[in-house]
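Structural features, examined
So you can see what is in the structure, the chains are spelled out below.
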Amino acid sequence: MEKSSGKLAAVAIARMDEQLPWYRAMPPENRSWIGLVAQAGIAAFTEWFRHPETPQAISTDVFGTAPRELTRAITLRQTVEMVRTTIEVMESAIDEVAAPGDESVLREAVLVYAREIAFATAQVYAQAAEARGAWDARLESLVVNAVLSGEADEGALSRAAALGWTSPESVCVVLGTAPSGNSELTVEAIRRAARHAKVQVLTGVLGERLVVIAGGSDNPLQTAKALIGPFAPGPVVAGPVVGDLVSATRSAGAAAAGLKASAAWPDAPRPVLADDLLPERAMAGDPAAREQLVEEIYRPLSEAGSALLETLSVYLEQASSLEGAARMLFVHPNTVRYRLRRVTDVTGWSPSDVRSAFTLRIALILGRLTDAGT
């Protein structure tokens, strides 16, 4: 066996080149490493067969000759095919290398060694997968933390790309309370839900918060509903949709402010949009929410004419009474009704809805304060 090891390795390499298309397509450097692995495997078998009672570190003896990067260049399936080919070559040479009468002993030894090689192969790839998984988890945490802290940049994009993020055009951030227990199980549950919902996710547990950056859906509420299962009881807030991962800092800021202010609206739906919490966010001191209320509600109403602002203000002061507002404005109730429909068309918020009326009232207050320079 020892004298034939070089010849057997050459035959194994020739058979791989003949039978395995992926081997022929590999660069010369990787093919040379595979040749060394095959030769080391035959040599390790010879040593094991000489001293079967001595424990052998097969994974070190065989796979230690190749660099660790080879586990990324060669898949587990390809490694199994390589091992199978080498074992077949060894089995076909048993009649040539075995002493007369020892063929069955050598054949049985090859079978036992093949089993050990199979376990060693699984161990090598399992260790590589665990190391890669731990590295990916740290990389993902860096990306999630950068987005949540408002520090996402090109570096975060490159890290996300290394994790398989394909830069979808629609991105939103979902925040809630993380469940107690193993955070890895929570992250894996989020990934399963994301695969079912057909969205990409970058996720992590930061302190007591579970953060999910979801891409591929332009409906943040629907996305949050699809991913809500692993969240702990309590509010879950979905930020607005943005165009890319760098812009996701705005979605994360809105979701974080909404989660902070959600205590002011105990009857809020679960999940809830960050934009539905604009009044509470503004009262809690969120400058982005204040600016959004002024720019998206107060300014458009002001530019649409003073009649709309005056009618809305009086209508709200009169406890949402059409008749009361009409008397105060000296107009017909149908005129008030028409102007309120115009308010809805301009702002997207209906004064006749209690929750929308509350949002409109806060927007009016903030807009007047802004005009007054306060």
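Along each chain, the written sequence defines residue order, and numbers are assigned to residues from 1. In keeping with the model being predicted, local features are shown solely for residues with a pLDDT of at least 70 and side-chain atom pairs are shown and tallied solely at 80 or more, while totals for entire chains, interfaces and linings include all residues. The side-chain figures draw on all heavy atoms in the structure; neither hydrogens nor water molecules are used.

With respect to the pairing of strand β2 (residues 200-206)
Formally: Here, strands pair whenever DSSP counts at least two bridges between them. A run of H or I in DSSP becomes a helix once it reaches four residues, and a run of E becomes a strand once it reaches two; helices and strands are each numbered from the N terminus.
Where β2 meets strand β3 (residues 209-215), 7 bridges bridge the pair, whose relative direction is antiparallel. Among the inter-strand pairings, leucine 206 is bridged to a residue of β3, identified as arginine 209. Hairpin connection from β2 to β3: 2 residues lie between these consecutive antiparallel strands, with glycine 207 at a positive phi of about 65°.

Digging into the pattern of salt bridges
Put simply, the test is: What makes a salt bridge here is a side-chain nitrogen of Lys or Arg within 4 Å of a carboxyl oxygen of Asp or Glu, nothing more.
Per the stated rule, a full pass over the model turns up 11 salt bridges. Here arginine 191 makes a salt bridge to glutamate 188, at a shortest N to O gap of 4.0 Å. In this pair, arginine 191 and glutamate 188 are both assigned in helix α10 (residues 183-197), 3 residues apart and thus about one turn of the helix distant. Between arginine 355 and glutamate 280 there is a salt bridge, and its shortest N-O distance comes to 2.6 Å.

Describing the packing of aromatic side chains
Formally: Stacked, edge-to-face and tilted are the three classes for Phe, Tyr and Trp ring pairs, Trp counted by its six-membered ring, which pair at centre distances within 6.5 Å; planes under 30 degrees apart are stacked, over 60 edge-to-face, the rest tilted. Each residue is assigned to one of three classes by its accessible area relative to the maximum for its type, calculated with a 1.4 Å probe on protein chains only: buried under 20%, partly exposed between the two thresholds, exposed over 50%.
Under the definition given, this model contains 3 aromatic pairs. Look at tryptophan 22 and tyrosine 23: their rings are 6.3 Å apart centre to centre, the planes differ by 85°, and that puts the pair in the edge-to-face class. Summarising the burial analysis for this pair, tryptophan 22 and tyrosine 23 share the class buried. A network of ring pairs unites the aromatic residues Phe45, Phe49 and Tyr113 as a single cluster.

Thoughts on the sheet that holds β3
Note the cut-off: Contact criterion: two residues are considered in contact whenever any of their non-hydrogen atoms come within 4.5 Å of each other. Simply put, an axis is a line fit to the C-alpha atoms, just over the touching stretch for a helix, and the angle between two N-to-C directions goes from 0 to 180 degrees.
Judged by pairing direction, the sheet is mixed, and its 5 strands sit side by side in the order β2-β3-β1-β4-β5 without closing on themselves. Two strands in the sheet have a free side with no partner beyond their single neighbour: β2 and β5 (272-273). Alignment of strand β1 (residues 171-177) against β3, held across 7 bridges, turns out to be antiparallel. Looking at β3, one finds that valine 171 is bridged to glycine 215. Relative to the sheet, helix α12 (residues 248-261) contacts β1, β3 and β4 (236-238), its axis offset from that of β1 by approximately 25°.

Notes on helix α16 (residues 322-329)
The criterion, for reference: Nitrogen and oxygen atoms within 3.5 Å of one another constitute a polar contact, given that in protein one can donate a hydrogen and the other can accept it, and given that sequence-neighbouring residues count only through two side-chain atoms.
Along α16, the positions that sit buried rather than exposed are Leu322, Gly324, Ala325, Ala326 and Leu329. Contacts from the buried residues of α16 go to α15 (306-317) and α17 (333-347). For α16, the capping residue at the N-terminal end is serine 321, with a side-chain oxygen 3.1 Å from the backbone nitrogen of glycine 324.

A short note on unusual backbone geometry
The residue after arginine 270, namely proline 271, is reached through a cis peptide bond having omega 5°. Phi is positive for lysine 198, which is not a glycine, with a value near 60°. Take lysine 198: it is sitting in the loop between α10 and β2. Of note in the backbone geometry, alanine 319 takes a positive phi value of approximately 60° without being a glycine. Along the chain, alanine 319 turns up in the loop between α15 and α16.

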